[in-house]
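This is what each chain is made of:
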2 protein chains.
Amino acid sequence: MQEIRSKIRAVPDFPKPGILFRDITTLLKDPDGLKDVMKYFSIRYKGRKIDKIVGIESRGFILGATLSYMLGIGFIPVRKANKLPAHTRRIDYALEYGTDTLEIHSDAIIPGERVLLVDDLLATGGTAKAAAQLVESLGGIIVECAFLIELTDLKGRDKLNEYNIFSLIDFKEE
Amino acid sequence: MQEIRSKIRAVPDFPKPGILFRDITTLLKDPDGLKDVMKYFSIRYKGRKIDKIVGIESRGFILGATLSYMLGIGFIPVRKANKLPAHTRRIDYALEYGTDTLEIHSDAIIPGERVLLVDDLLATGGTAKAAAQLVESLGGIIVECAFLIELTDLKGRDKLNEYNIFSLIDFKEE
């Protein structure tokens, strides 16, 4: 796990001054980086009763789709507003400043399906919570929310306390 | 191949009236959909001399990252403006109305590296051409541009005529 951690780059002052951004592109460009990450995710979820994997745009597509391939489970994208072409459910959610919108195709989930939600990063948890609510609005059941990185100081886990949460690596801000 | 084709949904009038949008989400949500697609991609590229796989945001992440995992080759995201945290190269390119911008991390490619460019859709070819030029601006060599879908009537292949092009499935507009 230390090897994965060491390949994640810390970029100061992105997206704004004072924020230390954890950049997974340095991990992904390593030939073994994605493979090592996915090994752990597949070990955790293989053989679990999961009907769909939902990935959140856009870095959640990288991990979510790869896991979907590995486990032979259908992949569902949750996207920003006006990107999905067919009929959607949408949810607005609060950001630090302003709001953002996520959408899912209305026919993406069959009521009662068990869903694994995947994203690269758990920060405040706002995006993941909105995505989970979209899944639930279609009758899906969130089995777990899985992240590559958790920024523990931001307490996203508290915001998602009604769900099972898994993160591979956590960072405390210095 | 007919099985893959039949799982792609045609959505009329998206993103605007008169456009028939080819929607891969219906393919991806099928448990075998991504697996079948990736089987063909991996057969084509296994054993080829490829140093990096570049995926274009955001549906290109789905295919590109999965192929990167399968072949054990590092994955590089090309993203819309202001999404990548470290130092980037950027390129502006013309759309039908207005312009758009793509970025790549400046340290993503080492000069001389052989790069496979991956996206879901070849339409007019403008986005792929801009992404290829970004890769070349860092000294990368485009081995091939690979797409799941090619809309042949839009002649993207002509715009990319200096590169090798591969597409798994093509559609003519009715």
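Structure: see above.
Below, the structure is looked at part by part. (Residues numbered from 1 in each chain as written. Chains lettered and ligands numbered in written order. Predicted model: local features only at pLDDT ≥ 70, side-chain atom pairs only at ≥ 80, totals over all residues. Heavy atoms only, no water.)

## Observations concerning the packing of helix 4 (residues 59–71) of chain A against helix 4 (residues 59–71) of chain B
Remark: helix 4 of chain A packs on helix 4 of chain B, axes separated minimally by 8 Å, with the N-to-C direction vectors making an angle of 60°. One finds that helix 4 of chain A runs oblique with respect to helix 4 of chain B. Two packed elements cross with a definite hand, and for helix 4 of chain A against helix 4 of chain B that hand is right-handed. Where helix 4 of chain A approaches helix 4 of chain B, its residues Phe61(A), Ile62(A), Ala65(A), Thr66(A), Tyr69(A) and Met70(A) are matched on the opposing element by Phe61(B), Ile62(B), Ala65(B), Thr66(B), Tyr69(B) and Met70(B). Of the residues in the contact of helix 4 of chain A with helix 4 of chain B, the class split is 10 nonpolar, 2 polar and no charged. (Axes fitted to C-alpha atoms, helices over the stretch in contact; angles between N-to-C directions. Helix = DSSP H or I, 4+ residues; strand = E, 2+ residues; numbered from the N terminus. Parallel < 35°, antiparallel > 145°, perpendicular 65-115°, else oblique. Left-handed = near helix turned anticlockwise from the far one by under 90°. Contact = heavy atoms within 4.5 Å. Nonpolar A, V, L, I, M, F, W, Y, C, P; charged D, E, K, R; others polar.)

## Description of the interface of chain B and chain A
Contacts between the two partners involve 39 residues from chain B, matched on the other side by 39 residues from chain A. Taken over both partners, the interface formed by chain B and chain A buries close to 3,200 Å², and the fraction arising from carbon and sulfur atoms is 61%. Considering only the side of chain B, the residues that lose the most area to chain A are Lys29(B), Tyr69(B) and Pro85(B), jointly responsible for 22% of the buried surface there. Where chain B touches chain A, the interface holds 2 salt bridges. Across the chain B-chain A interface, the total number found is 18 residue pairs in polar contact (both at pLDDT 80 or more). Every element with two or more residues in the side of chain B that touches chain A is listed here: strand 1 (9–12), strand 2 (20–23), helix 2 (25–28), helix 3 (33–45), helix 4 and strand 4 (74–80) of chain B. A per-element tally of the side of chain B that touches chain A places helix 4 of chain B first, with 8 residues. Residue classes in the side of chain B that touches chain A are distributed as 20 nonpolar, 8 polar and 11 charged. (Buried area = accessible area lost by both parts, 1.4 Å probe. Salt bridge = Lys/Arg side-chain N within 4 Å of Asp/Glu carboxyl O. Polar contact = N/O pair within 3.5 Å; in protein donor to acceptor, adjacent residues only side chain to side chain.)

## A few points about the packing of helix 3 (residues 33–45) of chain A against helix 4 of chain B
At their nearest, the axes of helix 3 of chain A and helix 4 of chain B sit 8 Å apart, and the two run at 90° to each other. One way to sum up the angle between helix 3 of chain A and helix 4 of chain B is to call them roughly perpendicular. Where helix 3 of chain A abuts helix 4 of chain B, its residues Leu34(A), Lys35(A) and Met38(A) lie against Ala65(B), Ser68(B), Tyr69(B) and Met70(B). A breakdown of the residues in the contact of helix 3 of chain A with helix 4 of chain B according to their chemical character gives 5 nonpolar, 1 polar and 1 charged.

## Focus: the sheet that holds strand 4 (residues 74–80) of chain A
Residue and element names in this part refer to chain A. Across the sheet, which stays open at both edges, the 7 strands sit in the order 5-6-4-3-7-8-9 with mixed pairing between neighbours. With partners counted over all chains shown, the strands left at the sheet margins are strand 5 (88–94) and strand 9 (165–171), one partner each. Neighbour-to-neighbour, the strand axes of this sheet turn through a mean angle of 20°, independent of strand direction. As judged from the 8 bridges shared by strand 7 (residues 114–122) and strand 8 (residues 141–151), these two strands associate in the parallel manner. If you follow Leu116 over to strand 8, its bridge partner there is Glu144. (Pairing = 2+ DSSP bridges.)

## As for the pairing of strand 6 (residues 99–105) of chain B
Residue and element names in this part refer to chain B. The buried fraction of strand 6 is high, at 5 of 7 residues. Across 2 bridges, the pairing between strand 4 and strand 6 is antiparallel. The residue of strand 6 that forms the bridge with Lys80 is Leu102. Across 7 bridges, the pairing between strand 5 (residues 88–94) and strand 6 is antiparallel. In the strand pairing of strand 6, Asp92 is matched with Thr101. Hairpin connection from strand 5 to strand 6: 4 residues lie between these consecutive antiparallel strands, with Gly98 at a positive phi of about 85°. (Buried < 20%, exposed > 50% of the residue type's maximum accessible area, 1.4 Å probe, protein only.)

## Let's talk about the side chain of Arg59(B)
Topologically, Arg59(B) is positioned in helix 4. One polar contact links Arg59(B) to Asp120(B), side chain to side chain, over a distance of 2.4 Å. Every residue in contact with Arg59(B), bar those within four places of it in the chain, is listed here: Arg79(A), Phe21(B), Ile24(B), Asp119(B) and Asp120(B).

## Focus on the nonpolar core
Val37(A), Phe41(A), Val37(B) and Phe41(B) are the most contacted members of the largest nonpolar core, which has 60 residues in total. If we ignore the near neighbours within four places in the chain, the residues touching Phe41(A) are Leu67(A), Ala146(A), Phe147(A), Leu148(A), Phe166(A) and Leu168(A). (Core = buried A, V, L, I, M, F, W, Y, C linked by side-chain atoms within 4.5 Å.)

## Points about the packing of aromatic side chains
Residue and element names in this part refer to chain B. In total, this model carries 8 aromatic pairs over all chains according to the counting rule given. Between Phe41 and Phe166 the ring centres are 5.9 Å apart and the planes differ by 85°, which places this aromatic pair in the edge-to-face class. With Phe41 in helix 3 and Phe166 in strand 9 (residues 165–171), this residue pair connects regions lying 125 residues apart in the sequence. For Phe166, a relative accessible area of 14% puts it in the buried group. For the pair Phe61 and Phe75, a centre-to-centre distance of 5.9 Å together with 85° between the ring planes defines the contact as edge-to-face. One end of the pair, Phe61, is in helix 4; the other, Phe75, is in strand 4, and 14 residues separate them in sequence. Exposure class is identical for Phe61 and Phe75. Each is buried. (Phe/Tyr/Trp six-rings, centres within 6.5 Å; stacked < 30°, edge-to-face > 60°.)

All we've got here are geometric facts, nothing functional implied.
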